[in-house]
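Examination of the molecular architecture
Read off the chains here:
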There are 2 protein chains.
Amino acid sequence: MTFNEKLLAWSRQQDSLVCVGLDPELGKIPGLLLNQADPILAFGKAIIAATHPYVAAYKPNLAFYEVLGKTGWETLEQTLKFIPPGILKIADAKRGDIGNTSRLYAKAFFDYFQFDAITVNPYLGYDSVAPFLEDETRGVFVLCLTSNPGSQDFQYFNDGSQNLFQQVAKKVVQWNKKANCGLVVGATHPEELRIVRELAPDLPILVPGIGVQGGDLELSVKYSTNVHGELALFNSSRGIIYRSNQSDFAEQAAQAAAELKTAINKIRSQK
Amino acid sequence: MTFNEKLLAWSRQQDSLVCVGLDPELGKIPGLLLNQADPILAFGKAIIAATHPYVAAYKPNLAFYEVLGKTGWETLEQTLKFIPPGILKIADAKRGDIGNTSRLYAKAFFDYFQFDAITVNPYLGYDSVAPFLEDETRGVFVLCLTSNPGSQDFQYFNDGSQNLFQQVAKKVVQWNKKANCGLVVGATHPEELRIVRELAPDLPILVPGIGVQGGDLELSVKYSTNVHGELALFNSSRGIIYRSNQSDFAEQAAQAAAELKTAINKIRSQK
C-alpha cells in the first residue's frame with residue numbers, strides 16, 4: 001500500500017480529516033503536570049489518549065522537542081508509542097539538504113522514529129527530496145504555500161505566468177512516481193488552495209493555519225479536498241492542545257478535536 | 001561584538017577561512033574507533049584536536065547526529081565541547097518554520113547547544129528567520145544558491161529581471177539590521193558567487209561544495225571574498241574528515257585542512 005492509499009484508507013476508517021499538531025511547551029502545558037518525571041511526555045500521552053478517536057493524524061513539530069536538548073528525542077520517541085495503529089504519524093520537521101545529507105534525515109525520521117510521513121522544504125530541489133521518496137509506504141509533504149506572513153516574501157515570486165508555489169506544486173506532481181507525495185498549503189490562503197488542488201488533483205494536501213492562525217475552515221475544506229471530499233488533512237495545534245490548561249485539559253482537547261472533525265465533515269458532505 | 005565582527009576577527013586570528021564540516025558516519029569513520037564507547041564522539045574529538053590550528057569554523061551537520069536517535073544529541077553536545085574558543089561553531093541545520101516555531105529552533109541551537117551561527121532555509125520568508133536574528137552575537141547563514149544539482153529546480157526561478165536566489169540575497173541584505181546575517185552560496189556556481197557578492201558586499205558568505213562536490217576553489221575564493229579577501233568561509237567535509245580511514249586519519253585530516261588553508265590564502269593574497 002502506498003502512503004497516499006494509506007492516508008485515504010486510514011482517514012476513511014477514522015471518518016476524520018483532523019490532524020492534531022503536537023507543539024508541547026513547558027510554559028503552556030497544565031501546571032499540574034509539572035511534577036511528573038517527564039511533563040512533556042505526560043502531556044502528549046494524555047492528549048493522544050483523549051483525542052485519538054477523532055483524528056486521522058498526529059503531527060509532532062520537531063522544534064518543540066529539539067528545544068529540550070538531549071532528552072527531547074527520548075520524549076518524542078516515547079510519545080510516538082502512544083499513537084494507536086491506524087493513525088498517521090507525521091514529522092513536522094521541514095527538513096531538506098543536499099542528497100547525501102537528506103538520506104540521513106530520511107533514515108532518522110522513517111527508520112529510527114518510524115514516522116509515516118514528514119514535511120520537507122523544497123528550496124534545495126529534487127535531489128534534496130528524493131531520499132525521502134524511496135519507500136512508497138512513507139509520505140512526503142512538500143511545503144508549497146505556508147500559512148505565515150513570510151509566505152509573501154518568496155512563495156509568490158512570479159515568472160510572468162505563475163508564482164513559485166505553483167511551480168513547486170507542478171514539480172511535486174512530477175515527483176509523485178510512487179504515490180507518496182503531498183503538499184502543504186496554509187488555510188490562510190483559501191483561493192490558492194483551489195489553485196493547488198487543480199494543479200495536483202491526486203495529491204494529499206496538509207492544511208495548517210486553521211484555529212489560532214485564523215485560516216478560513218469552510219473555504220479551506222471546500223477547496224483543498226478532492227472531488228470526493230477527501231485527500232486532505234487539516235491541522236490544528238494550539239486550538240486543540242491548549243484549549244484548557246486546567247485539570248480538564250484532555251477532555252477539552254477531545255472536545256475541540258471532536259468539534260473540528262464534525263465541522264470538517266459537515267463541509268465535506270456538502271461537496 | 002556582532003556576529004559578523006566576530007567572524008572577521010576570529011578568522012583573522014586564525015589566518016584561515018577554512019570551515020570543516022563534521023558529517024560523521026559510522027560506516028565511514030576508521031574501524032579502529034568502533035570499539036570506543038561513542039565512536040562518533042571519539043572521531044569528532046580526534047578530528048577537532050588535529051585540525052583546529054588550521055580552521056576558522058566547524059560546521060556539524062545535524063542530520064548526521066539525528067540519525068543516531070536519542071544518543072545523537074548527547075554526542076553533538078559533547079563534540080562541541082572539544083571546539084576551542086576562538087573558532088566558530090556553525091549548526092548546519094537548514095531550519096525554518098513559522099515564527100512561533102522558529103523561536104524554539106533558535107532556543108535549541110543558540111541557548112541549549114550554544115552555537116555561534118546556524119544555516120536556515122529562506123522559503124518561509126522573514127518571520128521564519130527573524131527569531132534567529134534577535135541576538136546580534138549569533139549569526140544566520142541563509143541558503144541562497146546551494147551546491148547540489150537540485151539548486152536548478154527553484155533557485156533559478158526568474159521574474160524577468162532576476163533569479164529567486166538574487167531576490168533572496170537582496171532580502172537578506174535588508175534583514176541584516178544587526179550585522180549578523182550571512183548567505184550560503186555553493187562553490188559549484190562561481191559566476192553566481194560574483195553576482196551575490198555584488199548584491200551583498202558586507203555579508204559573510206559560507207561556501208560549501210569544494211572538494212568532493214567539485215566546486216572551483218580558485219574562482220570561488222576570488223569571487224566570494226570581499227575586496228579585502230575576507231568575509232567568506234569555505235567548507236570541506238568529506239575531503240578533510242575522510243581523507244584516510246586508517247590509524248593516520250587525524251594527521252591526514254590536519255594535512256588536508258592545512259593544505260586547504262594555504263591554497264585559499266594564496267588565492268586571497270592575489271586580490
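Read on for an overview of the structure. (Residues numbered from 1 in each chain as written. Chains lettered and ligands numbered in written order. Predicted model: local features only at pLDDT ≥ 70, side-chain atom pairs only at ≥ 80, totals over all residues. Heavy atoms only, no water.)

1. What about the environment of S247(B)?
Positionally, S247(B) belongs in the loop between α11 (238-241) and α12 (249-269). Between the alpha carbons of S247(B) and C19(B) there is a distance of 23 Å; along the sequence they are 228 residues apart. (Helix = DSSP H or I, 4+ residues; strand = E, 2+ residues; numbered from the N terminus.)

2. Some remarks on the relation of the copies chain A and chain B
After a rotation of 180° and a shift along the axis of 0.0 Å, chain A superposes on chain B with an RMSD of 0.0 Å. On this basis, the relationship between the two copies can be described by a two-fold rotation axis. Considering only C-alpha atoms, the part of chain A nearest the rotation axis is D159(A), at 2.1 Å. Looking at chain A, 100% of its interface residues are interface residues in chain B too, so the copies touch through the same face. (Least-squares fit on C-alpha atoms with pLDDT ≥ 70 in both. Contact = heavy atoms within 4.5 Å.)

3. Side note on the pattern of salt bridges
In this structure the tally under the stated criterion is 30 salt bridges over all chains. A salt bridge links E66(A) to R95(B); the nearest nitrogen and oxygen atoms lie 3.0 Å apart. Linking E66(A) in helix α3 (residues 62-66) with R95(B) in strand β3 (residues 88-95), this pair reaches from one chain into another. According to the relative accessible area criterion, E66(A) is buried, its value standing at 0%. Across the salt bridge formed by E191(A) and R194(A), the nearest N and O atoms sit 3.1 Å from each other. Taken as a pair, E191(A) and R194(A) lie in helix α9 (residues 190-199) at a separation of three residues, close to a single helical turn. A relative accessible area of 40% means that E191(A) is categorised as partly exposed. One continuous salt-bridge network, built from bridges that share partners, spans K59(A), D92(A), K94(A) and D97(B). (Salt bridge = Lys/Arg side-chain N within 4 Å of Asp/Glu carboxyl O. Buried < 20%, exposed > 50% of the residue type's maximum accessible area, 1.4 Å probe, protein only.)

4. Some remarks on the environment of I240(A)
All names here are of chain A. Examined against the element boundaries, I240 turns out to sit in helix α11 (residues 238-241). Overall, the relative accessible area of 1% leaves I240 in the buried class. A sequence separation of 172 residues divides I240 from L68, and the C-alpha atoms of the two residues are 22 Å apart. Excluding residues within four positions of it along the chain, I240 makes contact with V18, V20, T51, A253, A256, A257 and L260.

5. Section: the nonpolar core
Core analysis: the largest hydrophobic core is formed by 192 residues, its most contacted members being F109(A), L233(A), F109(B) and L233(B). Broken down by element, this core gets its largest block of residues, nine residues, from α12(B). The contact partners of L233(A), leaving out residues within four places of it in the chain, are L7(A), L17(A), C19(A), A56(A), A57(A), L88(A), I90(A), F141(A), I205(A), L206(A) and V207(A). (Core = buried A, V, L, I, M, F, W, Y, C linked by side-chain atoms within 4.5 Å.)

6. Concerning the pairing of strand β3 (residues 88-95) of chain A
Residue and element names in this part refer to chain A. In terms of burial, β3 is a largely internal element, eight of the eight residues being buried. In β3, alternate side chains face the same way, and those of L88, I90, D92 and K94 on one face and K89, A91, A93 and R95 on the other are all buried. Where strand β2 (residues 57-60) meets β3, two bridges bridge the pair, whose relative direction is parallel. Counterpart to A57 in the pairing with β3 is L88. Of the strand pairs in this sheet, β3 and strand β4 (residues 117-120) are connected by three bridges, and their pairing is parallel. Within β4, the position partnered with R95 by the bridge is V120. (Pairing = 2+ DSSP bridges.)

7. A word on the interface of chain A and chain B
Residue-level contacts link 61 residues of chain A with 61 residues of chain B. Taken together, both faces of the contact between chain A and chain B bury some 5,200 Å²; the carbon and sulfur share is 60%. Contact with chain B buries area across many residues of chain A, yet Y123(A), F154(A) and F157(A) alone supply 18% of it, more than any other trio. Run the count over chain A and chain B and you get 12 salt bridges. With a shortest N-O distance of 2.9 Å, E74(B) and K70(A) are connected by a salt bridge. For the interface between chain A and chain B, the tally reads 29 residue pairs in polar contact (both at pLDDT 80 or more). Elements with a contribution of two residues or more to the side of chain A that touches chain B: α3, α4 (72-80), β3, α5 (99-112), α6 (126-133), β5 (139-145), α7 (151-154) and α8 (164-175) of chain A. (Buried area = accessible area lost by both parts, 1.4 Å probe. Polar contact = N/O pair within 3.5 Å; in protein donor to acceptor, adjacent residues only side chain to side chain.)

8. A few points about the packing of aromatic side chains
Taken as a whole and assessed by the stated rule, the structure comprises 27 aromatic pairs over all chains. Measuring from ring centre to ring centre gives 5.4 Å for Y126(A) and W175(A), while their planes differ by 55°; the resulting arrangement is tilted. Of this pair, Y126(A) sits in helix α6 while W175(A) is found in helix α8, placing the two residues 49 residues apart along the sequence. On the basis of relative accessibility, which here comes to 40%, the residue Y126(A) falls in the partly exposed class. Taking the centre distance of 5.7 Å and the plane angle of 25° together, the rings of F43(B) and F249(B) count as stacked. (Phe/Tyr/Trp six-rings, centres within 6.5 Å; stacked < 30°, edge-to-face > 60°.)

9. As for the pairing of strand β2 (residues 57-60) of chain B
Across the two faces of β2(B) the burial is the same, with A57(B) and K59(B) and Y58(B) and P60(B) all buried. In terms of handedness, the path from strand β1 (residues 18-22) of chain B via helix α2 (residues 39-51) of chain B over to β2(B) forms a crossover that is right-handed. (Right-handed = clockwise from strand over helix to strand, strands pointing away.)

10. A word on the packing of α2(B) against α12(B)
Residues and elements named next belong to chain B. Two elements in contact, α2 and α12, have axes separated by 8 Å at closest approach and are oriented at 45°. Considered as vectors, α2 and α12 are oriented oblique to each other. The two elements α2 and α12 meet at a crossing, and its hand is right-handed. Contacts from F43, A46, I47, A50 and T51 of α2 reach α12 at F249, A250, A253, A254 and A257. Of the residues that constitute the contact of α2 with α12, the class distribution is nine nonpolar, one polar and no charged. (Axes fitted to C-alpha atoms, helices over the stretch in contact; angles between N-to-C directions. Parallel < 35°, antiparallel > 145°, perpendicular 65-115°, else oblique. Left-handed = near helix turned anticlockwise from the far one by under 90°. Nonpolar A, V, L, I, M, F, W, Y, C, P; charged D, E, K, R; others polar.)

11. Concerning helix α2 (residues 39-51) of chain A
Residues and elements named next belong to chain A. The end-to-end C-alpha distance of α2, which contains 13 residues, comes to 18 Å, matching closely the 18 Å that a straight helix rising 1.5 Å per residue would cover. When we look at burial in α2, the residues that qualify are P39, I40, L41, A42, F43, G44, I47, I48 and T51. Contacts made by the buried residues of α2 are with β1 (18-22), β2, α3, α4, α11 and α12 (249-269). (Expected span 1.5 Å × (residues − 1).)

12. Description of the sheet that holds strand β6 (residues 181-185) of chain A
All names here are of chain A. Here eight strands make up a closed barrel; going around it, the order is β1-β2-β3-β4-β5-β6-β7-β8 and the pairing parallel. The sheet shows a mean angle of 30° between the axes of neighbouring strands, direction not considered. Direction of pairing for β4 relative to β5: parallel, over a ladder of four bridges. Each bridged residue has a counterpart across the sheet, and for I118 the counterpart in β5 is V140. Against the sheet, helix α1 (residues 3-14) makes contact with β3, β4, β5, β6 and β8 (232-236), and its axis sits at roughly 130° relative to β3, the strand it touches most. In this fold α12 packs onto β1 and β8, with an angle of close to 145° to the strand it touches most, β1.

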